[in-house]
Amino acid sequence: MENRTNEKASSLRWKILRQALLSNPSPPNPDEQSHLSIKRISRRTSHGFNLIPSHVVNDEHSSNKCNGSSTKDARVCYTLPIPDAPQLFLRQRVDNHADLSDFQTCNKYNIDNTGLVCNWPSEDVLAHYCLSHRDKFRSKKVIELGSGYGLAGFVIAAVTEASEVVISDGNPLVVDYTQRNIEANSGAFGNTIVKSMMLHWNQEDISSVADNFDIIVASDCTFFKDFHRDLARIVKHLLSKTKSSEAIFLSPKRGNSLDLFLEVAKENGLHISVTENYDKEVWKRHERFMNGADKDSWPSYETGHCYPLLIRITL
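Residues numbered from 1 in each chain as written. Predicted model: local features only at pLDDT ≥ 70, side-chain atom pairs only at ≥ 80, totals over all residues. Heavy atoms only, no water.

> How would you sum up the overall build of the protein chain? Please name residues and give values.
Counting secondary structure elements, the protein chain contains 11 helices and 11 strands. When each of the 315 residues of the protein chain is scored for burial, the buried share is 50%. Residue pairs in contact within the protein chain that sit at least 24 positions apart in sequence constitute 74% of those at least 6 positions apart. For the protein chain, the exposed surface amounts to about 15200 Å²; the carbon and sulfur share of it is 47%. (Helix = DSSP H or I, 4+ residues; strand = E, 2+ residues; numbered from the N terminus. Buried < 20%, exposed > 50% of the residue type's maximum accessible area, 1.4 Å probe, protein only. Contact = heavy atoms within 4.5 Å. Areas by Shrake-Rupley, 256 points an atom, 1.4 Å probe, with all protein chains shown as cover.)

> Explain the nonpolar core to me, and be specific about the residues and the numbers.
Leu 145, Val 235 and Phe 249 are the most contacted members of the largest nonpolar core, which has 75 residues in total. Leave out the neighbours within four places in its chain, and Val 235 touches Leu 145, Ile 216, Ala 247, Phe 249, Leu 270 and Ile 313. Formed by 5 residues, the second largest nonpolar core is a distinct cluster that contains Leu 116, Tyr 149, Val 174 and Tyr 177. (Core = buried A, V, L, I, M, F, W, Y, C linked by side-chain atoms within 4.5 Å.)

> An account of the environment of Asn 212 is requested, with residue identities and associated values reported.
Turning to its location among the elements, Asn 212 is positioned in the loop between β7 (193-198) and β8 (215-219). Given the relative accessible area of 23%, Asn 212 is considered partly exposed. Counting along the chain gives 33 residues from Asn 212 to Ser 245, while the straight-line C-alpha distance between them is 9.6 Å. In this view, Asn 212 contacts Lys 141, Leu 238 and Ser 240; residues no more than four positions away in its chain are not counted. A distance of 3.1 Å separates polar atoms of two side chains, one belonging to Asn 212 and the other to Lys 141. (Polar contact = N/O pair within 3.5 Å; in protein donor to acceptor, adjacent residues only side chain to side chain.)

> For the confidence of the model for the protein chain, give the residues involved together with the corresponding values.
Across the protein chain, the average pLDDT comes to 84, with 76% of residues at or above 70. Confidence drops under a pLDDT of 50 for residues 1-7, and excluding neighbours within four residues, the segment shows 11 contacts in the predicted structure. (pLDDT = per-residue confidence, 0-100.)

> Outline the packing of aromatic side chains, supporting the account with residue identities and numerical values.
A full pass over the atoms with the stated rule returns 16 aromatic pairs. Ring plane angle 85° and centroid distance 6.3 Å describe the contact between Trp 201 and Phe 227, whose orientation is recorded as edge-to-face. A residue pair is termed long-range when its members are at least 10 positions apart, and Trp 201 in the loop between β7 and β8 and Phe 227 in the loop between β8 and α8 (228-238) qualify at 26 residues. With respect to burial, Trp 201 and Phe 227 carry one shared label: buried. (Phe/Tyr/Trp six-rings, centres within 6.5 Å; stacked < 30°, edge-to-face > 60°.)

> Lay out the side chain of Glu 246 with the relevant residues and their values.
Considering the arrangement of structural elements, one finds Glu 246 in strand β9 (residues 246-251). Accessibility expressed as a relative area gives 11% for Glu 246, which makes it buried. For Glu 246, the residues in contact, after removing those within four places along its chain, are Lys 136, Asp 214, Ile 215, Ile 216, Leu 239, Arg 312, Ile 313 and Thr 314.

> Mind laying out the pattern of salt bridges, listing which residues take part and the relevant values?
Counted under the stated rule, the structure contains 14 salt bridges. The salt bridge involving Lys 136 is made with Glu 246; its shortest N-O contact spans 3.4 Å. Here Lys 136 is found in the loop between α5 (121-132) and β5 (141-144), whereas its partner Glu 246 is found in strand β9, with 110 residues between them in sequence. One network of salt bridges, with partners in common, ties together Asp 135, Arg 138 and Glu 161. (Salt bridge = Lys/Arg side-chain N within 4 Å of Asp/Glu carboxyl O.)

> Provide a residue-level description of the pairing of strand β6 (residues 164-169), including the pertinent values.
Burial runs high along β6: 6 of the 6 residues are buried. By the alternation rule, side chains of β6 split into Glu 164, Val 166 and Ser 168 and Val 165, Ile 167 and Asp 169, which are all buried. Where β5 and β6 come together, 4 bridges link them in parallel fashion. Among the inter-strand pairings, Glu 144 is bridged to a residue of β6, identified as Ile 167. Taken together, β5, helix α6 (residues 151-159) and β6 constitute a β-α-β crossover, and its handedness is right-handed. The pairing of β6 with β7 spans 6 bridges and is classified as parallel. Following the sheet pairing, Val 165 is matched in β7 by Val 194. With helix α7 (residues 172-184) bridging β6 and its parallel neighbour β7, the resulting β-α-β unit is right-handed. (Pairing = 2+ DSSP bridges. Right-handed = clockwise from strand over helix to strand, strands pointing away.)

> Describe unusual backbone geometry, listing the residues and the values that go with them.
Unusually for a residue other than glycine, Asn 50 sits at a positive phi of about 55°. Position of Asn 50 among the secondary structure elements: in the loop between α3 (35-42) and β1 (54-56). You will see that Ser 139, though not glycine, has its phi angle at about 65°, which is positive. Positionally, Ser 139 belongs in the loop between α5 and β5. Classification of Ser 139 as exposed rests on a relative accessible area of 53%.

> Tell me about α7, and name the residues and values.
Compared with an ideal rise of 1.5 Å per residue, which puts 13 residues at 18 Å, α7 spans 18 Å between its outermost C-alpha atoms and is within 8% of the ideal. Along α7, the residues classified as buried are Leu 173, Val 174, Val 175, Tyr 177, Thr 178, Asn 181 and Ile 182. (Expected span 1.5 Å × (residues − 1).)

Written as structure tokens, this is what we have:
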């Protein structure tokens, strides 16, 4: 008999989803509803590369009521480590549990809920990379795919003098947070136009944004193998055909998921380059995690799961 503790988090997630949506659900299994199971489903992490300093503003958490459920939010202040950069204040969830209404939304839109969980380590690295290469984005039209709370998109909007930044996700709950955070930080963007957008990678009509972007950015978006073809398709359609354009992904290998995505991208006629050591500071922290120097800060660090590779994609 299969050991329940070894059951995949995705399997648990969909079992809970079925129970939430069935009109006459069977009684929940205590193992599946346990606090441990919920934590494994969300895969929330408190570890990361910590390249963009942040702290919660005050200890007072506000309630956010949406779709009949109530979640706790907090404002997180990000201090960009360059002179004269504005601080960014992003409202995020601070709940330590998953809400069943999230899974109903996931089922309706065929998406995952990970964007609501936290800012993930790869997003932090992507934001740092964009900050370190801010000249690349000057006067460019940029879109972030699968943004979650969109730290990288907000960093690009705040410090690079991009002409336009679109922060997109396929989850309407995530997009709602993004729009509120854009409004809260509007004074930080200078002349850059910043928009939120609900963009599902498999949606048919993208005529309003096709061939429109100089740069696409994304972090850890290649994990879900079911979305590989749609992701490759949307990248190909969004990149500008009339001038130089590229997509910049930061993604860990995560088993064979990244390799499989790269195969699909090549099948779609996209050109790929992969770089392992692309930033001195990121590499230094990676080596310290690997040799145990920072065991206390990231005790479960594993290269294939945690260290994002730099993938550049062109037409």
